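If you want the building blocks of each chain, they are given just below.
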Amino acid sequence: MAKKIAVLLDEMVNEQEFIYPYYRLKEAGFESVSVATEKRVYKGKFGVPFTPDMLIADVTPGEFEGVVVPGGYAPDFLRRSKAMLSLVGEMNDKGKLVAMICHAGWVGISAGIVKGRTLTSTSAIRDDMSNAGAIWVDQSVVVDGNLVTSRSPADLPDFMREVLRVLSVQK
């Protein structure tokens, strides 16, 4: 049975940062599952419609080996869901993959997992990350244990290379 990875979904997600990891994980033999708060059609930043595979209310965190949080404006909505933050926090607490790109660092901040961690994000939230206690660096991808972060869609190849590497060494 393939390892399940949650790819979080909400309104105004960056389509590239959602689609690329979702299908790259499938290509690598994982079961990627889009997870949202409601069963409805979500529209990405550029209008692409997405319907979630699963609702957060139906998620058992133990069934997943990691979580990918795409950017865009979706993280601003995702961080308002206690259940989403709980999933991210539990993945982190168990040493499982937590991958965040672009504005997804907001979810990490709200889940309380960035303090003392070295990471990157879009420069637009650099101050938010630093104020939450993160050690922010400007690199295409940063790996700090189970945490993989990147800045933007341009970093997706580096991001997914490290996501897959971290998943390959996870117990």
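Structure's up top.
This text gives an overview of the structure that appears in the document. Quantities reported herein were computed from a predicted structural model and do not represent experimental measurements.

This paragraph deals with the side chain of D10. Within the secondary structure, D10 sits in the loop between β1 (4-8) and α1 (15-27). Although D10 lies buried, it forms no salt bridge, and the closest oppositely charged side chain, R40, sits 4.2 Å away as judged by the N-O distance. When residues no more than four places from it in sequence are discounted, the contact partners of D10 are T37, R40, Y42, A74, F77 and L78.

To continue, consider the nonpolar core. If you look at the biggest cluster of nonpolar residues, it comprises 55 residues, and the most contacted ones within it are L8, L25, V35, V67, V69, F159 and V163. Examining the composition of this core, we find that seven residues originate from one element, helix α6 (residues 156-169), more than from any other. When near neighbours in sequence (up to four residues on either side) are disregarded, V35 contacts A6, V7, L8, L9, M54, L55, I56, V59, F64 and M84.

Further remarks concern the side chain of E162. Tracing the backbone through its elements, the reader meets E162 in helix α6. The exposure class of E162 is buried, given its relative accessible area of 12%. Ignoring anything within four residues of it in the chain, the contact list for E162 reads V141, V143 and V148.

All right, on to the sheet that holds β1 then. With mixed pairing, the seven strands of this open sheet are ordered in space as β5-β2-β1-β6-β7-β11-β10. Because the sheet does not close on itself, it has two edges, and the strands there are β5 (54-55) and β10 (141-144). In terms of strand pairing, strand β7 (residues 97-101) meets strand β11 (residues 147-150) through four bridges, oriented parallel. Along β11, the bridge assignment pairs V98 with L147. Across the face of the sheet, α6 comes into contact with β1, β6 (66-69), β7, β10 and β11 while running at roughly 175° to β7.

Criteria and cut-off values
- Residues numbered from 1 in each chain as written.
- Predicted model: local features only at pLDDT ≥ 70, side-chain atom pairs only at ≥ 80, totals over all residues.
- Heavy atoms only, no water.
- Helix = DSSP H or I, 4+ residues; strand = E, 2+ residues; numbered from the N terminus.
- Buried < 20%, exposed > 50% of the residue type's maximum accessible area, 1.4 Å probe, protein only.
- Lys, Arg positive; Asp, Glu negative; His and termini not counted.
- Salt bridge = Lys/Arg side-chain N within 4 Å of Asp/Glu carboxyl O.
- Contact = heavy atoms within 4.5 Å.
- Core = buried A, V, L, I, M, F, W, Y, C linked by side-chain atoms within 4.5 Å.
- Pairing = 2+ DSSP bridges.
- Axes fitted to C-alpha atoms, helices over the stretch in contact; angles between N-to-C directions.

By themselves, these figures tell us nothing about what the structure is for.
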